[in-house]
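The residues making up each chain are set out below.
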Amino acid sequence: MEENFKLHLGDSYKLIKQIPTASVDLILTDPPYNLSPYSTGNIEFTWRKDLNNDLAEWDKVEFKPADWVSEFKRILKPKGNIFVFCSYNLVGKWHEAFDPEFDTFQFMVWHKTNPPPKVFKAGFLNSCELIVCMWDKGHTWNFGNQKDMHNFIETPICNGPERLKDPHHPTQKPIKVLGHIIKIASNEGDMVFDPFMGVGSTGVAALNLGRKFIGIEIDEKYFKAAEKRLKNAASELKLF
Ligand SMILES: C[S@@+](CC[C@H](N)C(=O)[O-])C[C@H]1O[C@@H](n2cnc3c(N)ncnc32)[C@H](O)[C@@H]1O
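What comes next is a walk through the structure.

**Focus on unusual backbone geometry**
Of note, the amide linkage connecting Asp166 to Pro167 takes the cis form, showing an omega dihedral of 5°. One can find Pro167 in the loop between strand 6 (152–155) and helix 4 (175–185). Even without being a glycine, Asn34 presents a positive backbone phi close to 55°. Position of Asn34 relative to the elements: it lies in the loop between strand 2 (24–29) and helix 2 (69–75). Positive phi values are uncommon outside glycine, yet Lys121 reaches one of about 50°. Summarising the element assignment, Lys121 is placed in the loop between strand 4 (104–112) and strand 5 (128–135). Take Lys121: its relative accessible area is 76%, and that puts it in the exposed class.

Listed below in structure tokens is the structure:
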């Protein structure tokens, strides 16, 4: 039986080179945000455990959108789409690198209904996340009606049974947000690719919607969790 998903443990800068030219219908990914230089460090309390303000070690490695233009263009089919979760500090860099290379560059907003609180009330909550997106004319685009066409989606951040406990991933994305994008920007049987897959959320959303998936993750504990989640999803869907 043809494989519905293929996962790779390793560095996506190297492994992306093994992906055949014009073989991917949708690149949907959530790469490092480089937010650590803006972190004010942990907030200490006497009466409870500290609030962790640092994201992760992987976020400290400099991420340059420009490094990804040529490989993303090479592997994407002509009707393909790219959707990338993006922090405010990198929006300009994504635009600078990708806008000249595609007919259209736009963004979506994911509004989180349950963002972490800010105890000092000195600024906005981090309740919105941007998703930059790009494509060429004739791209796959599945819209039911005008209401579906808002570049806005509202859901809680990952919690409850969906949120993995072991390993806990600090930026696990909800299947609902990923599924919404996959439905709009690809068709059944299409290939979805995530070079920074974490615990495999994009892959689970892709399989649930009858798409195929290729994922890459550099951290072995997250890779193993992704493998387990995708195998479970495939067996629930009776894909093997
Ligand atoms: C923002 S998280 C993605 C989380 C994912 N959306 C999820 O729901 O689990 C980014 C992931 O990229 C991984 N990563 C960072 N650099 C990488 C690289 N060079 N190659 C592959 N994965 C990498 C990190 O280990 C981290 O799990």
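**Overview of the pairing of strand 5**
Regular strands place side chains that alternate from one sheet face to the opposite one. Counting buried residues in strand 5 gives six out of eight residues, a clear majority hidden from the surface. Here strand 3 (residues 76–86) runs beside strand 5; their pairing, made up of six bridges, is antiparallel. The partner of Phe83 across the bridge, within strand 5, is Cys133. When strand 4 meets strand 5, the two strands line up antiparallel, connected through eight bridges. Each bridged residue has a counterpart across the sheet, and for Val109 the counterpart in strand 5 is Leu130.

**Here we look at the site of the ligand**
Contacts to the ligand come from 22 residues, most closely from Asp30, His169, Val199, Ser201 and Glu217. A distance of 2.6 Å is found between an oxygen atom of the ligand and a side-chain nitrogen or oxygen belonging to Glu217. Between a nitrogen atom of the ligand and a main-chain N or O atom of Ile218, the distance comes to 3.2 Å. Notes on the ligand: free accessible area 600 Å², of which the protein chains cover 96%.

**Here's the deal with the packing of helix 5 (residues 201–208) against helix 6 (residues 220–236)**
The geometry of helix 5 relative to helix 6 is characterised by a closest axis approach of 9 Å and an angle of 10° between their N-to-C directions. Between helix 5 and helix 6, the angle is such that the two are roughly parallel. In this structure, helix 5 contributes Ser201, Gly203, Val204, Leu207 and Asn208 to the contact, and helix 6 contributes Arg229, Leu230, Ala233 and Ala234. When the residues that make up the contact of helix 5 with helix 6 are grouped by side-chain class, the tally is five nonpolar, three polar and one charged.

**Points about the side chain of Asp190**
Here Asp190 lies in the loop between helix 4 and strand 7 (191–194). As a buried residue without a salt bridge, Asp190 has its nearest oppositely charged side chain in Lys77, at a separation of 5.3 Å. Within the local environment of Asp190, its side chain forms a polar contact with the backbone nitrogen of Asn187, the two atoms lying 2.8 Å apart. Ignoring sequence-local partners within four residues, the contact set of Asp190 consists of Asp25, Arg211 and Lys212.

**Description of the side chain of His139**
Within the fold, His139 resides in the loop between strand 5 and strand 6. The exposure class of His139 is buried, given its relative accessible area of 15%. At 2.7 Å, the side chain of His139 forms a polar contact with the side chain of Asn81. Side chain to side chain, His139 and Trp135 meet in a polar contact 3.5 Å long. Setting aside anything within four residues of it in sequence, one finds His139 in contact with Lys79, Gly80 and Asn81.

Thresholds, definitions, all that
- Residues numbered from 1 in each chain as written.
- Predicted model: local features only at pLDDT ≥ 70, side-chain atom pairs only at ≥ 80, totals over all residues.
- Heavy atoms only, no water.
- Helix = DSSP H or I, 4+ residues; strand = E, 2+ residues; numbered from the N terminus.
- Buried < 20%, exposed > 50% of the residue type's maximum accessible area, 1.4 Å probe, protein only.
- Pairing = 2+ DSSP bridges.
- Near = heavy atom within 4 Å.
- Polar contact = N/O pair within 3.5 Å; in protein donor to acceptor, adjacent residues only side chain to side chain.
- Areas by Shrake-Rupley, 256 points an atom, 1.4 Å probe, with all protein chains shown as cover.
- Axes fitted to C-alpha atoms, helices over the stretch in contact; angles between N-to-C directions.
- Parallel < 35°, antiparallel > 145°, perpendicular 65-115°, else oblique.
- Contact = heavy atoms within 4.5 Å.
- Nonpolar A, V, L, I, M, F, W, Y, C, P; charged D, E, K, R; others polar.
- Lys, Arg positive; Asp, Glu negative; His and termini not counted.
- Salt bridge = Lys/Arg side-chain N within 4 Å of Asp/Glu carboxyl O.

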